[in-house]
Protein chains: 6
Amino acid sequence: MSEDIIKETYEKIKNMEIRGAGRIGRAAAKALKEYAIKISHLSDDEFIKKMKEAGNLLISARPTAVSLPNAVKYVLKGLNEDNPKERVIERSDEFIESSLKAIEKIGKYGANRIKDGYTILTHCNSEAAISVIKTAYDEGKDIKVFCTETRPRNQGYITAKTLYDYGIDVTLIVDSAVRYFIKDIDIVIVGADAITANGCLVNKIGTSQIALIANESRVPFLTAAETYKFHPKTIVGELIEIEERDPKEVVVFKDKYKGIKVRNPAFDVTPSKYIDAIITEVGLIPPQGAWYIIEKYFGWLEK
Amino acid sequence: MSEDIIKETYEKIKNMEIRGAGRIGRAAAKALKEYAIKISHLSDDEFIKKMKEAGNLLISARPTAVSLPNAVKYVLKGLNEDNPKERVIERSDEFIESSLKAIEKIGKYGANRIKDGYTILTHCNSEAAISVIKTAYDEGKDIKVFCTETRPRNQGYITAKTLYDYGIDVTLIVDSAVRYFIKDIDIVIVGADAITANGCLVNKIGTSQIALIANESRVPFLTAAETYKFHPKTIVGELIEIEERDPKEVVVFKDKYKGIKVRNPAFDVTPSKYIDAIITEVGLIPPQGAWYIIEKYFGWLEK
Amino acid sequence: MSEDIIKETYEKIKNMEIRGAGRIGRAAAKALKEYAIKISHLSDDEFIKKMKEAGNLLISARPTAVSLPNAVKYVLKGLNEDNPKERVIERSDEFIESSLKAIEKIGKYGANRIKDGYTILTHCNSEAAISVIKTAYDEGKDIKVFCTETRPRNQGYITAKTLYDYGIDVTLIVDSAVRYFIKDIDIVIVGADAITANGCLVNKIGTSQIALIANESRVPFLTAAETYKFHPKTIVGELIEIEERDPKEVVVFKDKYKGIKVRNPAFDVTPSKYIDAIITEVGLIPPQGAWYIIEKYFGWLEK
Amino acid sequence: MSEDIIKETYEKIKNMEIRGAGRIGRAAAKALKEYAIKISHLSDDEFIKKMKEAGNLLISARPTAVSLPNAVKYVLKGLNEDNPKERVIERSDEFIESSLKAIEKIGKYGANRIKDGYTILTHCNSEAAISVIKTAYDEGKDIKVFCTETRPRNQGYITAKTLYDYGIDVTLIVDSAVRYFIKDIDIVIVGADAITANGCLVNKIGTSQIALIANESRVPFLTAAETYKFHPKTIVGELIEIEERDPKEVVVFKDKYKGIKVRNPAFDVTPSKYIDAIITEVGLIPPQGAWYIIEKYFGWLEK
Amino acid sequence: MSEDIIKETYEKIKNMEIRGAGRIGRAAAKALKEYAIKISHLSDDEFIKKMKEAGNLLISARPTAVSLPNAVKYVLKGLNEDNPKERVIERSDEFIESSLKAIEKIGKYGANRIKDGYTILTHCNSEAAISVIKTAYDEGKDIKVFCTETRPRNQGYITAKTLYDYGIDVTLIVDSAVRYFIKDIDIVIVGADAITANGCLVNKIGTSQIALIANESRVPFLTAAETYKFHPKTIVGELIEIEERDPKEVVVFKDKYKGIKVRNPAFDVTPSKYIDAIITEVGLIPPQGAWYIIEKYFGWLEK
Amino acid sequence: MSEDIIKETYEKIKNMEIRGAGRIGRAAAKALKEYAIKISHLSDDEFIKKMKEAGNLLISARPTAVSLPNAVKYVLKGLNEDNPKERVIERSDEFIESSLKAIEKIGKYGANRIKDGYTILTHCNSEAAISVIKTAYDEGKDIKVFCTETRPRNQGYITAKTLYDYGIDVTLIVDSAVRYFIKDIDIVIVGADAITANGCLVNKIGTSQIALIANESRVPFLTAAETYKFHPKTIVGELIEIEERDPKEVVVFKDKYKGIKVRNPAFDVTPSKYIDAIITEVGLIPPQGAWYIIEKYFGWLEK
């Protein structure tokens, strides 16, 4: 059956055989393309109806993975154009190609913002932010990087080691020392877990206070985010749920102190007013442009 | 010889037999009192001269311990009053008594600021801040406390355990989660390592960013500080040196990553504009009153 | 004559037989549709010319009612597309349908922003803001609402009664008490009289100071506005005139005090920097996106 | 019995025969003076003991009337000086005279801040603020005054009438219109119900949001306050309780709407950072100087 | 050869025979049009290829003149549309016409923001800002203008003279006096050297501190900028290089003081948060809309 | 006659034979001392009366020179102490000595704030600020200084030359370039023409915008001011008049442009919130302490 390709991908995403924001999105796009080819003999109306059903099924596999609906919406936006059959296939290719090159392009665009001699602060462990830093280094710029520990899971150590292995001058500090060192920092670059329609950044706990500190001292704060991290449902007002993770990540108290509560939120929300720009694979945009990106690429705006 | 009492105390302070801000101050005051009694037969001029020499010697024992010059200055301020001999002895007693009661009084005054049902945030491990919280609890107020971990030395765990042992509802969070939880906090109360003449607070690394965050959300931020923590030399412009401690407190990297630098400043400086009040044993004052406290109690203002 | 339908609607709008932002807009759209059907036998060029004349006539009926030119512009934007005749008719239907569903959709999208347990502050009496609150209540959320009196005409009482009749927990406060209670408020939601191209909100007097207060305490401030409230002429720099209403709305002084002047501005302007998002029937947008909405839906941007 | 004078005054204050901040303070000072004269034959120690007892009794008559302990403390501060008997009597006279002249002096000092051509905004009905305005007018300055209504009790109308009767150009606005008109205002002058040790202003509900608005537009905000309004207990951390008054002052709902809650706080707290200066009868001071005034005149600082 | 028209224009731009942002852009557009006509007999694919080559050549003539790539990109955007040959020619005409009318339209739209009785502050010497002021004056508005000197080259004198010759009331002040006079200013209008993708303004040195001052006192700050000043390369993260000009423009020291360094940056960068709106020939936009303008008119956004 | 010494000094100050804030103050103090010696045979009451008359006469010689009443008040404060005759003479000596050493002490205290490697920004030409910079240099610190031109009279050139002659690394910039360079600046130090009771700084035009800029970027801003620059009359609300100087200092227009107005205010007012500390010869104080300095040294507070 022609639907098999869709169902198969649906299953693999659902049971987490396919994981990672980029991979999920590309798998969905690929499935839609193959399906479109198979059913291209149908009438336009029939084709459109079938493709929409396929899209809805795929989205239902993991509703909270923002790259999944974004991929589907990106591809199916072609249904509203002339020659919907061709366009759906073309758009599928576009999504896959763009997604594959996103980290590289973000690296290039972000590196343009880093001048020779800069000291950069980063937080947690972001592939996109690291791409920016490495690209600047590759361009021969003399840079230094400050990494926070990023309690409780200490992902900052991974970032520090990755950059150090690459040959970059790295300094590690505790999360509490950001305001102490901010005057030595020329630019802050972090990654993103999600971007909301009104330009807020959902990222690793601690990000919002780093942005506040950078703003107090007039240090530019940028986030590097592939467009498939832009959260379309926030256009219809949905809030991104902040996950509270297992307290054991922070500490395991012995019996006597078991009664001490531990709260462990994984992310926080940085308001758009503290973000100078979002570095995406389609260019640098002001945070207030997030909404337009969602509209332009994924066609989510209501009619 | 009558100077023996001074020399003896000088030695004990110098070789750190006597330690702790309060104890050092009281030892110096006590030595000055005993010495004053011994030399009270001298003429006023002679007495004043000798007492000043004794004071200078004591101060030289540990010039960076701010409670030492404060104690000496407090006692010797009596030399400028009528009946210098009597006044010096009286002021010595005053200093000792006031110092001994300081934590208790700070607890009482600070607790007046805590209303029933409040959630309090504290950072690091401060005897004075804990006194405020315990007193509020003793007064039957229903309170909750959030403690930060306070990396790198995790003194927040000690605070959490101390308060929990006392029966108080305690929640522990990572240092990065302060802005996430600040809307649940009614008041921030921290201790102080030193207070400068223009009302800045020198305290455990991370304090200044907590103050910034509290200010952003209009949450009152108070520091609890005995007056002998007020740093008189800042009146003549001296900066308090921020100690950078051993990187090993943060992390010990294995060989391959030894090249990653670690910076470990122990304290930071919170500007007066983010401090609502300083809770001292002589009352609650605005931070800009710090200078007057130094002047009034220790007579440090230049002529 | 085929123009009769246009003239008739023109008259009804002019003499205020047709009133209310939504109704005016829909009447204009309906007239244009019927007229387009009647003249659909004309050549494209002739058709376009006639439709533009009809649009200009309708707009002239009440130039200050922002929904009128918005409706006309929305419909006539179809003239620039392929198949102008069909598109004009389709767009007329779209406008009418969208307008009719706007309040409901705004309610739904806005309610997504309200969490269980929230306390909401509103000001004046806005159909759109009330729709948000009622929808949240309908969704089973446990909410409380604070209403300001909204002097001088006390529309806050109407809001309070409407919500109370609906079963919602309502508290009424004087306009001066907003800053006193703001720490108990989780979100502010108000309506809109107009939205400017650069994202400012024109609304009932007092709105801008509520926004300022919310911003000082980091409480989200949202406005609920149908897109036909977005003011296209502000794109070409026109200022929205703030009406000063009859002083008698405030007070009528007796003879002796007749000389006391009374000023009674009906609206004020809230700058975009104090607005977290605008809730429209096409989604939540950052205030800086207002200009794009005008461009996208009404085609007002100059060439 | 010589104590009779004290008891009599105690009773009159207690049963509110003597009312008003100024009158209460002066009555207490007068009683202490007369009592001091009567017991001046006692030894100094005996005199001091008796005077303190008398002071404590008087204070207990109405503990929440801040001028009462201030008057007693002012007078009894003389007990710590040389010639306590004479000093107590002198200080009693000083307090009474100073109190009587306070409004006049505040008028004079405050008027120095008002330039010819100024437009002044005031809120509620303050004798001290009116004194400033009238004095500026008496000095021949061409001034205009904006009065807010000051809901719920509309004391702004009294202010408006008082100033209008005096010949001053007065405009009345609703409380919500402050931000609308703030750009036409050159200076804001309000009264005070109490001043706290760290320079906050407790005054009629709405004051704090006017101060916030003035600050946003860089318009100076001053409060006029007799020194006996400075609240000494705030030095030991006590919070000033904000009274919630009868909801009926705001509105009386008919039966059907009785369930709508009404909250009616009488005062709010303006933080020191929004106050440019406090106009007192001893001069203009920065708000952070409040604490020194309490210390200097009333001797409340702890030892 | 048909390429001659391109090469000729390339040369004239390169050797600065053609100068000025507007003229350069129009020359490029004109050359592309004439070239398109000449090669319109080619196949679409061939035509597109040739036009792109021509565009790249033209851009290479002066890569830092932002109007040059903008003109080329504007015209060649037509290559992606149906009927590329016609569209390229039409778009060339559009660009030229729009460019020619830009100053006039900016004048008209900006003047809508100026009310009768306004006092306007401007800095340096901007054709667009002057157009706004003159238009407001032509509309019969009673306006006053403050001009800064604009050290080091004193272009403010030229502005002052131009406006004075036009009959406008002009006051000249030193650059340091802006904050002193800002309360007398109703609106600030300056020109632009370039606008970045995230809404920052690159303009004459001193502009950013005027914007900061205007923001502190809530005075609207607008910049007048033709759309061809919007810098497309900033979308891919490129920073606009701030030129440091010859120190001799500031001062020439005699021998003894030759060692005193002189720094003379020509421009500074005003962040978007201090800009209320950008006045362009296509309308007033919020600064965060800059990126959309670049995308819409020049098609620079990456795919 | 014994009054001759007073009259003589009065005349010399009046006819400007004696000039300069410091010299005027010292002359008045000296005259009072000599006069006190001459009339020391009088009764205390008579002595006090005569001294007050002498003081008033001296003050009347140049009421706007703030150092004159400060000197007189400083000396005559001794009249309220025990042994008024001796105290007046002692206090006269104190004032003169303190005044003579003020610049040196300010230099020393201020230099404590300058760390090795600092870049300092100064404005205009202040003896006290230069003393701070030179002292830091003398202490062997490696410092750089940025001087503004300080239009219209270009006093910055004098500062630049003075420091350059002293061997210091100096860079000159136009006044408009402060915000451009502020990130390279570690501390701003300026002088003072006067300090008001509530901690505002009256200084050369442009100072307040430099303070605003420093504050925006979290760069410390300090003013160096001898205590006799503290303006006592501001305690009673008097405003310091800002002098507007001859427009010719800015520019002399030729006939045709004579109609262009030129405004030339000499000073502006920096609010206390932008000042980190005032460096005086008695120590560093927070700006809000200005009032206490006036009270303590000059006894100006009202009773």
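Keep in mind that this is a model prediction, so the values were computed, not measured. (Residues numbered from 1 in each chain as written. Chains lettered and ligands numbered in written order. Predicted model: local features only at pLDDT ≥ 70, side-chain atom pairs only at ≥ 80, totals over all residues. Heavy atoms only, no water.)

Draft legend 1. View of the relation of the copies chain D and chain C. Superposing chain D onto chain C takes a rotation of 180° combined with a translation of 0.0 Å along the rotation axis, leaving an RMSD of 0.1 Å. In symmetry terms, the pair is related by a two-fold rotation axis. For chain D, the smallest separation between a C-alpha atom and the rotation axis is recorded for Asp 175 of chain D, amounting to 3.3 Å. Taken as a fraction of all interface residues of chain D, those also at the interface in chain C reach 100%, which identifies the copy contact as same-surface. (Least-squares fit on C-alpha atoms with pLDDT ≥ 70 in both. Contact = heavy atoms within 4.5 Å.)

Draft legend 2. Spotlight on the interface of chain D and chain E. Opposite the seven residues of chain D that make contact, chain E presents seven residues. In this assembly, chain D packs against chain E so that about 690 Å² is buried in total across both faces, 31% of it on carbon and sulfur atoms. One can count two salt bridges joining chain D with chain E. Note that Glu 216 of chain D and Arg 218 of chain E form a salt bridge whose closest N and O atoms lie 3.6 Å from each other. Here chain D and chain E share six residue pairs in polar contact (both at pLDDT 80 or more) between them. (Buried area = accessible area lost by both parts, 1.4 Å probe. Salt bridge = Lys/Arg side-chain N within 4 Å of Asp/Glu carboxyl O. Polar contact = N/O pair within 3.5 Å; in protein donor to acceptor, adjacent residues only side chain to side chain.)

Draft legend 3. Region of the structure containing the packing of helix 2 (residues 21-38) of chain E against helix 4 (residues 67-76) of chain E. Residue and element names in this part refer to chain E. As a packed pair, helix 2 and helix 4 sit with axes 8 Å apart at the nearest point and diverge in direction by 35°. The element helix 2 and its partner helix 4 pack so that their crossing is right-handed. Within the contact between the two elements, helix 2 uses Ala 21, Ile 24, Gly 25, Ala 28, Ala 29 and Leu 32 and helix 4 uses Ser 67, Leu 68, Ala 71, Val 72, Val 75 and Leu 76. Its residues assigned to classes, the contact of helix 2 with helix 4 shows ten nonpolar, two polar and no charged. (Axes fitted to C-alpha atoms, helices over the stretch in contact; angles between N-to-C directions. Helix = DSSP H or I, 4+ residues; strand = E, 2+ residues; numbered from the N terminus. Left-handed = near helix turned anticlockwise from the far one by under 90°. Nonpolar A, V, L, I, M, F, W, Y, C, P; charged D, E, K, R; others polar.)

Draft legend 4. Quick look at the sheet that holds strand 4 (residues 187-190) of chain D. Read from one edge of the open sheet, eight strands run 8(C)-3(D)-2(D)-1(D)-4(D)-7(D)-10(D)-11(D), paired in mixed fashion. Two strands close off the open sheet at either side, each with one partner strand: strand 8 (261-262) of chain C together with strand 11 (283-285) of chain D. Across two bridges, strand 1 (residues 119-122) of chain D lies against strand 4 of chain D in parallel orientation. Within the sheet, the bridge partner assigned to Leu 121 of chain D lies in strand 4 of chain D and is Val 188 of chain D. Strands strand 1, strand 2 (144-148), strand 4 and strand 7 (221-224) of chain D of the sheet are contacted by helix 9 (residues 207-216) of chain D, whose axis makes an angle of about 145° with strand 7 of chain D. (Pairing = 2+ DSSP bridges.)

Draft legend 5. Spotlight on helix 5 (residues 84-111) of chain F. An ideal rise of 1.5 Å per residue puts 40 Å on 28 residues; helix 5 of chain F measures up with 38 Å between its terminal C-alpha atoms. Taken as a whole, helix 5 of chain F carries its principal kink of about 50° at Ala 102 of chain F. (Expected span 1.5 Å × (residues − 1). Bend = angle between axes of the 7 residues up to and from the residue.)

Draft legend 6. How the structure looks around the side chain of Arg 91 of chain E. Following the sequence through the fold, Arg 91 of chain E ends up in helix 5 (residues 84-111). Those residues within four positions of Arg 91 of chain E in sequence are excluded, and the remaining contacts are Tyr 74, Val 75, Lys 77, Gly 78, Glu 81 and Tyr 297 of chain E.

Draft legend 7. Structural view of the interface of chain D and chain C. With 48 residues of chain D in contact, the opposing surface of chain C contributes 48 residues. When chain D packs against chain C, close to 4,200 Å² is buried across both sides, 61% of that on carbon and sulfur atoms. Counting the surface chain D buries against chain C, the share from its top three residues, Ser 176, Tyr 180 and Gln 209 of chain D, is 15%. Linking chain D to chain C there are six salt bridges. For Lys 261 of chain D, the salt bridge identified is with Asp 169 of chain C, shortest N-O distance 2.8 Å. Linking chain D with chain C are 28 residue pairs in polar contact (both at pLDDT 80 or more), by the criterion used here. Partitioning the side of chain D that touches chain C into residue classes produces 27 nonpolar, seven polar and 14 charged. Examined bridge by bridge, strand 3 (residues 169-173) of chain C and strand 8 (residues 261-262) of chain D share two bridges and lie parallel to one another. Looking at strand 8 of chain D, one finds that Leu 172 of chain C is bridged to Val 262 of chain D.

Draft legend 8. Expanded view of the relation of the copies chain D and chain E. Structural alignment of chain D on chain E gives an RMSD of 0.1 Å, achieved by rotating through 180° and translating 0.0 Å along the axis. Both copies share a contact surface, since 100% of the interface residues of chain D are interface residues in chain E too.

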